[in-house]
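Spelled out from the first residue to the last, the chains are:
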Amino acid sequence: MFRKLSFVAALALTAASVALPAAAATAPAAPAPVHNVVLVHGAWADGSSWNEVIKILQAKGLHVTAVQNPLTSLAESDAATRAVLAQQDGPTVLVAHSWGGTVISDVGTDPKVTALVYVAARAPDANEDFVALSAKFPTMPVRAEVQNHDGMTVISEKGFLDYFANGVAPAQAKALYAEQGPTAASIFAGRTTAAAWHDKPSYYAVSKQDLTISPDLERFLAKRMNADTIEVDGGHLTLVSHAQEIAGLILKAAGQS
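Position numbers for residues start from 1 in each chain and track the written sequence from start to end. For this predicted model, a pLDDT threshold of at least 70 governs which residues receive local features, and a threshold of 80 or more governs which side-chain atom pairs are given and counted, while totals over whole chains, interfaces and linings are taken from all residues. Hydrogens and waters are ignored; side-chain quantities use all the structure's heavy atoms.

**Observations regarding the overall build of the protein chain**
Inference 1: A run of DSSP states H or I qualifies as a helix once it reaches four residues; a run of E qualifies as a strand once it reaches two. Both are numbered from the N-terminal end. In terms of helices and strands, the protein chain carries 10 helices and nine strands.
Inference 2: Using a 1.4 Å probe on the protein chains alone, a residue whose accessible area is under 20% of its type maximum counts as buried, one over 50% counts as exposed, and one in between counts as partly exposed. The 257 residues of the protein chain split such that 49% are buried.
Inference 3: Residue pairs at least 24 apart in sequence account for 71% of intrachain contacts in the protein chain once pairs closer than 6 positions are excluded.
Inference 4: For accessible areas, the Shrake-Rupley method is used with a probe of radius 1.4 Å. Any residue's cover is judged against the shown protein chains and nothing else. Working note: accessible area of the protein chain is about 12,000 Å², and carbon and sulfur atoms make up 59% of it. Throughout, a residue-residue contact means that at least one pair of heavy atoms, one from each residue, lies within 4.5 Å.

**Section: the environment of K60**
Inference 1: As for its position among the elements, K60 is in the loop between helix 2 (51–59) and strand 2 (63–67).
Inference 2: When the C-alpha positions of K60 and H35 are compared, they lie 9.8 Å apart, and in sequence the two are 25 residues distant.

**Description of the sheet that holds strand 3 (residues 92–97)**
Inference 1: Pairing between strands is defined by DSSP: at least two bridges between them are needed. Strand order in the open sheet made by the six strands is 2-1-3-4-8-9, with parallel pairing throughout. Bordering the open sheet on either side are strand 2 and strand 9 (228–232), each of which pairs with just one other strand. Sheet twist, expressed as the average angle between the axes of neighbouring strands with direction ignored, equals 15°.
Inference 2: The pairing of strand 1 (residues 36–40) with strand 2 spans five bridges and is parallel. Bridged to V38 within strand 2 is T65.
Inference 3: Against the sheet, helix 3 (residues 74–86) engages strand 1, strand 2, strand 3 and strand 4 (113–119), with an angle of about 160° to strand 2. Axes, fitted as lines to C-alpha atoms, cover a helix only where it is in contact. Angles between the N-to-C directions of the axes lie from 0 to 180 degrees.

**Here's the deal with the environment of A205**
Inference 1: You can see A205 is positioned in strand 8 (residues 202–207).
Inference 2: A205 gets classed as buried once you look at its relative accessible area, which sits at 1%.
Inference 3: Sequence-distant contacts of A205, defined by excluding residues within four places in its chain, comprise Y118, V119, A120, E218, I230, V232, I246 and L249.

**Side note on the environment of V154**
Inference 1: Of note, V154 is situated in strand 6 (residues 152–155).
Inference 2: Sequence separation between V154 and Y177 is 23 residues, and the spatial gap between their C-alpha atoms is 9.5 Å.
Inference 3: Once you skip the residues sitting within four places of it in the chain, V154 turns out to touch W44, E145, V146, Q147, H149, Q180 and P182.

**Structural notes on the packing of aromatic side chains**
Inference 1: Stacked, edge-to-face and tilted are the three classes for Phe, Tyr and Trp ring pairs, Trp counted by its six-membered ring, which pair at centre distances within 6.5 Å; planes under 30 degrees apart are stacked, over 60 edge-to-face, the rest tilted. Summed over the entire model, instances satisfying the criterion amount to six aromatic pairs.
Inference 2: Summarising the aromatic geometry, the rings of W44 and F164 are spaced 6.1 Å apart at their centres and angled 85° between planes, so their arrangement reads as edge-to-face. Residue W44 is located in the loop between strand 1 and helix 2, and its partner F164 is located in helix 6 (residues 157–164); the two are separated by 120 residues in the primary sequence.
Inference 3: Given the relative accessible area of 8%, W44 is considered buried.
Inference 4: Taking the relative accessible area as the measure of exposure, F164 reaches 1% and is therefore buried.
Inference 5: In this structure an aromatic cluster arises from ring pairing among W44, F160, F164, Y177 and F188.

This is how it looks when you write it as structure tokens:
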């Protein structure tokens, strides 16, 4: 009886020892630590929209650069981001907010880019008609507050404070409104030539209270790219109102969490 039990026990241990390496092999590998982070802002904003996130990342010792996105065309915005990537001294996490997701999807194929982080951002496929895709989801209230002046757009004060910067402290929201970057109406229909998220590890922060991009569209995009996803209980500008959570996701992508 003892021999029989010993044999069964030995067999179980052997099976376990075979099974353990297989389980370990299926576990996702932690990203290698990355020192550089490049941040791309979206429409109706500038690089200062990342200020709260930048402070956190710099305190962790990361080298951070915010692109001053011209918002005049996709080609010119791509060029501005490529120029910043060229200045990085090694592996880089590329991050975008809002329309900036179009840019990082296009230029994220750069060999220096190790991961992509999307914050309430567009994430088009290559040559995708993103306007048609977004039309399948609810139209958000900020749309009615966009004003077109000879091809350049801004958001009205009401639209900016109530819908674009909802959840941001009022004084800070008013400052951001004053700083908003006029944005060419034509950029929203611009199509990418690549979709870097097919080949690069991707992360997504959904803004649950977003009144600029439908949260359901954000969830669709995150699922489509198989992104490591968090949901943040904030409006479109979670990079301002929930900087700690957004920085945490970037740190995770950089292997620094």
